[in-house]
Amino acid sequence: QVQLVESGGGLVQPGGSLRLSCAASESIFNFYVMAWYRQAPGKNRELVAQMSSDENKWSPPPMKGRFTISRDNAKTQLFLDMNDLSPEDTAVYYCYANTGRTAHWGQGTQVTVSS
């Protein structure tokens, strides 16, 4: 069973930055795609950024420019660098991985943007 464990969430002031990490229980080369999603209170879960196995990256237009997805192949980790954060970015952020046959989610990490 694939396990994904997020870390790096916390409280940050508006305009600040944060890096989230997702540690996978197996090689990230096993995954067809990995991604970061987020879910704010009372809202649907939404895609923040995704990366395919051949390192093609994509983010929805509202996320482009402030959110950057990357990975560390040697350490089986996925990252999300977030910049110029605003209170609207407050949400639980989830790591997602798809093998092409099965989909897996992490437990989420809370990000709160507040002064």
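See the structure shown above.
So, here is what we can say about the structure in this document. Everything numeric here is computed off the predicted structure, so don't read it as measured data. (Residues numbered from 1 in each chain as written. Predicted model: local features only at pLDDT ≥ 70, side-chain atom pairs only at ≥ 80, totals over all residues. Heavy atoms only, no water.)

## Overview of the nonpolar core
Where a protein is soluble and globular, its nonpolar side chains tend to be buried together.
And then number 1: In this structure, Trp36, Leu80, Met82 and Tyr93 are the most contacted members of the largest nonpolar core, which totals 28 residues.
And then number 2: When contributions to this core are tallied by element, the ones reaching two or more residues are β3 (18–24), β4 (33–39), β5 (46–52), β7 (67–72), β8 (77–82), β9 (91–98) and β11 (109–113).
And then number 3: If near-sequence neighbours (up to four positions away) are discounted, Leu80 is found in contact with Leu18, Arg19, Leu20, Trp36, Val48, Ala49, Phe67, Thr68, Ile69 and Tyr93. (Core = buried A, V, L, I, M, F, W, Y, C linked by side-chain atoms within 4.5 Å. Buried < 20%, exposed > 50% of the residue type's maximum accessible area, 1.4 Å probe, protein only. Helix = DSSP H or I, 4+ residues; strand = E, 2+ residues; numbered from the N terminus. Contact = heavy atoms within 4.5 Å.)

## Let's talk about the packing of aromatic side chains
And then number 1: Tallying each qualifying case throughout the model produces 4 aromatic pairs.
And then number 2: Ring geometry for Tyr37 and Trp105: centres 5.0 Å apart, planes at 65°, overall edge-to-face. On the criterion of sequence distance, the pair formed by Tyr37 in strand β4 and Trp105 in strand β10 (residues 103–105) is long-range, its members being 68 residues apart.
And then number 3: A residue is classified by how much of its surface remains accessible, and Trp105, at 38% relative accessible area, is partly exposed.
And then number 4: Geometrically, the ring pair formed by Tyr94 and Trp105 is edge-to-face, given 6.4 Å between the ring centres and 90° between the ring planes. Taken together, the residues span a long stretch of sequence, with Tyr94 in strand β9 and Trp105 in strand β10 at a distance of 11 residues.
And then number 5: Accessibility expressed as a relative area gives 13% for Tyr94, which makes it buried.
And then number 6: The lysine or arginine in question, Arg19, covers the ring of Phe79, its NZ or CZ lying 4.3 Å from the ring centre. (Phe/Tyr/Trp six-rings, centres within 6.5 Å; stacked < 30°, edge-to-face > 60°. Lys NZ or Arg CZ within 6 Å of the ring centre and 35° of its normal.)

## Digging into the sheet that holds β3
And then number 1: Within the open sheet, the 4 strands sit side by side as β1-β3-β8-β7. Their pairing is antiparallel. Edge positions in the sheet fall to β1 (4–7) and β7, since each has one partner strand and no second. Averaged over neighbouring strand pairs, the angle between their axes works out to 20° when direction is ignored.
And then number 2: Pairing of β1 with β3 involves 4 bridges; the strand directions are antiparallel. Residue pairing in the sheet places Glu6 in a bridge with Cys22 of β3. (Pairing = 2+ DSSP bridges. Axes fitted to C-alpha atoms, helices over the stretch in contact; angles between N-to-C directions.)

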